[in-house]
Every structure is written in C-alpha cells, then in structure tokens.
Amino acid sequence: NAGVTQTPKFQVLKTGQSMTLQCAQDMNHNSMYWYRQDPGMGLRLIYYSASEGTTDKGEVPNGYNVSRLNKREFSLRLESAAPSQTSVYFCASSPGTAKNIQYFGAGTRLSVL
Amino acid sequence: KNEVEQSPQNLTAQEGEFITINCSYSVGISALHWLQQHPGGGIVSLFMLSSGKKKHGRLIATINIQEKHSSLHITASHPRDSAVYICAVIKGGAGNQFYFGTGTSLTVIP
C-alpha cells in the first residue's frame, strides 16, 4: 500500500518562482491536509479539504493556493515563492473529520533562495 | 502564545525506563492527537483521544478534559522509541483546525 505519496521530496526555488507540491492518497479518504513544519514552531496547518470539491484555510494560508482535484489528489501551489516559505511540507489524509487518525506523507523539503 | 505546550522539550532515558510526556492546552477542544516523528522525518499518528485512556502495545495515552491535560506514557522504553512526540489538539467547534505542540525529543540509550 502506497498510503500518502508526496512529490517532489526535495526542491530548491529562487525567490519569485512558482511550483506545485503534489499529494495523492489511495485509501479513499475524504479529508486531506497540508502542513508546514519549521524549527521551533512545530507543525502548522496551511489548508485542508474536508471532501472533494471543498477547501478551507488553516492557520497559515497566506502565499499558498490549493486544489482538491479529485478524491485522491490535493495539490499545494506557491505562486511566487519567498524565503519565508522555506520549510518542510507534509500532506496528510484521514477518513473523515479531524477526529480521525491522520496518515502522513513523507514530506517535501523546500528551500527558497 | 502557543495554545499547546509540551513538556519536557527534551528527554533522555535509559532503556527499560518508564517515560511520561505531558501536553497542556489552553483552548476548548473536541479531540487530541499524539503523533510520532521518526529521526528520518516521517510522521505517524499514535492516538486520537476525546476522553479517558487508550493503550497500544507499550504506549498509553490519557486525557483529562477538565484539567486540559494529556499524557503519553511509554513502558519498558527501547532505543527504537527514540523520536519526537507531538501533541495536537482540534479546537472545539472549529471542525478541522489543528494546533500543534512543538514536540518532545526523546532519546533512549541502550
């Protein structure tokens, strides 16, 4: 079982460049999440999608857009990357609401120069 | 100000010791999660609690809603338990809004 798959694993961008982080899950989960993890800050929720076709802002949505393309896929886009977006990004999914156990991808390490 | 506080931040134990990690929160919650982040970076959900106590193998998690406190216990600790343990709360009434502690880094020495 693949579980939650994130691509790419590593990325280096220059300030102002754009990119999309891809996330796919094969567990038929309704909810999907994007987090960022910074040293000393812990994980912070960027956006989530409670079901196909819906997305909602989390704690730190500025500078990001998301698309819930279908039930399997939830992408995170940086339109104009900034050094403050240097972080490790995690995608997660869960069967239902946040009260369910979440399953995490392996993470994407992004550096913005 | 962080809604979720964990203690200790760092913990070193000898193999076989009983370990306790604490999580206190300041907001009303609908549930609390304990996560484990391996040295390689991968994150695994250990427990979701809304009341009482749960046990899985050598891991036990408890929550006291009135005191706004949860504990994660590891019995007979082993070097493979070395990881960062993260507490996360779901704010009451906010659907899917998570708030995370900064984690407790545990090292178990053989």
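Residues numbered from 1 in each chain as written. Chains lettered and ligands numbered in written order. Predicted model: local features only at pLDDT ≥ 70, side-chain atom pairs only at ≥ 80, totals over all residues. Heavy atoms only, no water.

**Things to note about the pattern of salt bridges**
Residue and element names in this part refer to chain A.
No. 1: Taken as a whole and assessed by the stated rule, the structure comprises 4 salt bridges over all chains.
No. 2: With its nearest N and O atoms 2.9 Å apart, the salt bridge here joins Arg-36 to Asp-38.
No. 3: With a relative accessible area of 8%, Arg-36 lands in the buried category.
No. 4: The partner of Glu-79 in a salt bridge is Arg-77, and the shortest N-O contact between them spans 3.1 Å.
No. 5: Owing to a relative accessible area of 44%, Glu-79 belongs among the partly exposed residues under this scheme.
No. 6: In the salt-bridge network here, residues are joined through shared partners; they are Arg-36, Asp-38 and Arg-44. (Salt bridge = Lys/Arg side-chain N within 4 Å of Asp/Glu carboxyl O. Buried < 20%, exposed > 50% of the residue type's maximum accessible area, 1.4 Å probe, protein only.)

**Looking at the environment of B:Ile29**
All names here are of chain B.
No. 1: Tracing the backbone through its elements, the reader meets Ile-29 in strand 4 (residues 29–37).
No. 2: Overall, Ile-29 belongs to the buried group, its relative accessible area being 17%.
No. 3: Considering only alpha carbons, one finds Ile-29 and Ser-50, 21 residues apart in sequence, at a separation of 8.4 Å.
No. 4: Apart from the residues within four sequence positions on either side, Ile-29 is in contact with Ile-63, Val-89, Ile-90, Lys-91 and Gly-92. (Helix = DSSP H or I, 4+ residues; strand = E, 2+ residues; numbered from the N terminus. Contact = heavy atoms within 4.5 Å.)

**Focus on the confidence of the model for chain B**
Detailed reading of the predicted coordinates is not advisable wherever pLDDT falls low.
No. 1: Overall, the predicted model of chain B reaches an average pLDDT of 92, with 95% of residues at or above 70.
No. 2: Looking at the elements of chain B, mean pLDDT is at its lowest for strand 10 (residues 98–100) of chain B, recorded as 86, and at its highest for strand 8 (residues 69–74) of chain B, recorded as 98. (pLDDT = per-residue confidence, 0-100.)

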